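Letter by letter, the chains look like this.
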Amino acid sequence: MTGQEMHQLATRLYPICRSITGAGVRETLAVLQEYLAIEIKAVPSGTQVFDWVVPDEWAVSEAWLADRQGRRVIDFADHNLHLLQYSEPFCGVVSRAELESHLHSLPNQPTLIPYKTSYYRKDWGFCLSEEQKATLLDPEYEVHIATNLAPGVLNYGELFIPGRTNEEILISTHICHPSLANDNLSGILVALNTALHFSKTSSHYSIRLVFVPGTIGAITWLATNQHSSIKHGLVITGVGAEREFHYKLTRSESAEIDLVAELTLRESGHPFHILPFSPYGYDERQYNSPGIALPVGCLMRTPHGTYPEYHTSADNLAFLQPTALAESSDLLIQILSNLSANRIYRNLSPFCEPQLGKRGLYASDPAENMAFLWVLNLSDGTHSLLDIATRSVIPFAQIMTVADRLVSAGLLECVG
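Let me begin by describing the structure that accompanies this report. (Residues numbered from 1 in each chain as written. Predicted model: local features only at pLDDT ≥ 70, side-chain atom pairs only at ≥ 80, totals over all residues. Heavy atoms only, no water.)

1. Brief notes about the environment of F198
Moving on, step 1. Looking at where F198 falls in the secondary structure, it is placed in helix α5 (residues 181–198).
Moving on, step 2. Looking at F198, the relative accessible area reads 4%, which means it is buried.
Moving on, step 3. Placed 181 residues apart in sequence, F198 and C17 show a C-alpha to C-alpha distance of 29 Å.
Moving on, step 4. Residues within four places of F198 in sequence aside, it is in contact with I161, S203, I207, I333, L336 and S337. (Helix = DSSP H or I, 4+ residues; strand = E, 2+ residues; numbered from the N terminus. Buried < 20%, exposed > 50% of the residue type's maximum accessible area, 1.4 Å probe, protein only. Contact = heavy atoms within 4.5 Å.)

2. Description of the sheet that holds strand β1 (residues 39–44)
Moving on, step 1. On the basis of which strands lie adjacent, the open sheet formed by 8 strands has the order β1-β10-β12-β11-β13-β16-β14-β15 and mixed pairing. Only two strands of the sheet have a single partner each, and these edge strands are β1 and β15 (272–275). Strand-to-strand, the axes of this sheet are offset by a mean angle of 20 degrees, without reference to chain direction.
Moving on, step 2. Direction of pairing for β1 relative to strand β10 (residues 153–161): antiparallel, over a ladder of 6 bridges. Looking at the pairing, P44 lines up with V153 of β10. (Pairing = 2+ DSSP bridges. Axes fitted to C-alpha atoms, helices over the stretch in contact; angles between N-to-C directions.)

3. Here's the deal with the pattern of salt bridges
Where side chains of opposite charge bring their charged atoms close, a pairing between them can arise.
Moving on, step 1. Overall, the coordinates contain 15 salt bridges when judged by the stated rule.
Moving on, step 2. Taking the shortest distance from any N to any O, the salt bridge between K248 and E284 comes out at 2.7 Å. In this pair, K248 sits in strand β14 (residues 245–248) while E284 sits in helix α8 (residues 284–287), placing the two residues 36 residues apart along the sequence. Here K248 matches E284 in class, with each residue buried. (Salt bridge = Lys/Arg side-chain N within 4 Å of Asp/Glu carboxyl O.)

4. What to know about helix α2 (residues 23–32)
Moving on, step 1. The set of residues buried in α2 consists of G24, V25, T28, L29, V31 and L32. Seen along its axis, α2 keeps its buried residues to an arc of 155 degrees; they face one direction.
Moving on, step 2. In this structure, the buried residues of α2 make contact with α1 (3–13), β1, β10, α5 and β12 (206–212). (Arc of directions from axis to C-beta.)

5. What about the packing of aromatic side chains?
Moving on, step 1. Taken as a whole and assessed by the stated rule, the structure comprises 7 aromatic pairs.
Moving on, step 2. Aromatic pair F90 and W124: ring centres 4.5 Å apart, planes at 10 degrees, arrangement stacked. You can see F90 sitting in strand β6 (residues 90–95) and its partner W124 sitting in the loop between β7 (103–104) and β8 (126–127), a full 34 residues away along the chain.
Moving on, step 3. A relative accessible area of 24% means that F90 is categorised as partly exposed.
Moving on, step 4. With a relative accessible area of 8%, W124 lands in the buried category.
Moving on, step 5. A ring pair is formed by Y119 and Y120, whose centres lie 6.0 Å apart and whose planes are at 70 degrees; its orientation type is edge-to-face.
Moving on, step 6. Since its relative accessible area comes to 18%, Y119 is described here as buried.
Moving on, step 7. With relative accessibility at 48%, the residue Y120 sits in the partly exposed group.
Moving on, step 8. Cluster of aromatic residues (ring-pair linked, three or more members): W52, W58, Y86, Y119 and Y120. (Phe/Tyr/Trp six-rings, centres within 6.5 Å; stacked < 30°, edge-to-face > 60°.)

6. What about the packing of α1 against helix α9 (residues 322–341)?
Moving on, step 1. For the pair α1 and α9, the least separation of the axes is 7 Å and the interaxial angle reads 115 degrees. Considering their axes alone, α1 and α9 lie roughly perpendicular with respect to each other. As for the relative orientation of α1 and α9, their crossing is right-handed in sense. Residue-level contacts link G3, Q4, M6 and H7 of α1 to P322, L325, A326 and S329 of α9.
Moving on, step 2. In terms of residue class, the contact of α1 with α9 is made up of 4 nonpolar, 4 polar and no charged. (Parallel < 35°, antiparallel > 145°, perpendicular 65-115°, else oblique. Left-handed = near helix turned anticlockwise from the far one by under 90°. Nonpolar A, V, L, I, M, F, W, Y, C, P; charged D, E, K, R; others polar.)

This is the structure:
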């Protein structure tokens, strides 16, 4: 898909009320199934997943707050963010003073509605702009929150794209946020577009994509699936705004995915930042937990909590930019392509440099000859093409081309 086509799909997905469980997740995954054969998995409420338990399923019929004249001054039908996520049902008349503790607003951003949740703490409430809150002057209000919390399932989506080997790259993106475009419709769209690309292109690695509710979804997937074949991974989030790229390192901070991501970013020409690992953030912290220890980095353009639109109604379709979506998709595809192409070779003529001329490899361009010499010198069965490209500061694509030519000439063999 083009960036514009991804944005058009976002307009279809944006109104859906997603949460960590419920119909919104299933509806979103059903739309993605129109593009690829994504499996929708279901894990029952009450299932023990490591130290967590899959929660009851949440459903919303309607929710509103009315003044003494019966006018609905806050209505979930107007914006998904108006209702506290996982709000318990509540109907009754309450005083303005009692209502205060159930209202969530942003005094420093008075025109915006915040995104607030109460997944693991029983509560009911509304989210509204500070300007709306200032108009609530009646002594009492009617609260009508028709929600339901009952045993059900937690859903997630999974897609496996076979490669030439059984070793896998994991791509994970969260699918639980309602009407937030950058966080994280952008991750869903870029992951989907990447899957469309590799469904038509041969890759060394198999690719597994998971569309999971944040935190509990990743924990559930890890607790209920084998993942011994996963060698590399990336969490994709916040990649739809025209901001500089950010890559968060894995727990080791030196995994192959870390090195490939940094090299690809550097060669892309886009401004970027490398962030150290932290045990807080998105679902990379679950994959990098000590008992799991998967080398999973995180690709972003907007790290959590660092931009004013984060978790507010300003994270809307206007904030989501087609150009940024296309750039992010292209970059992710290139990272995975470079990762799949990163092989280790052994020089079959290691005693001094071989004669390139008699094999038709000697070039008039000194830079091209240097690429041959670097690959031959460092191909000792321990250095990868990534190592060679990084050390020589020669573009990775050129190093790959040179390696292929040396294999064809009988001077190199692939050993890993």
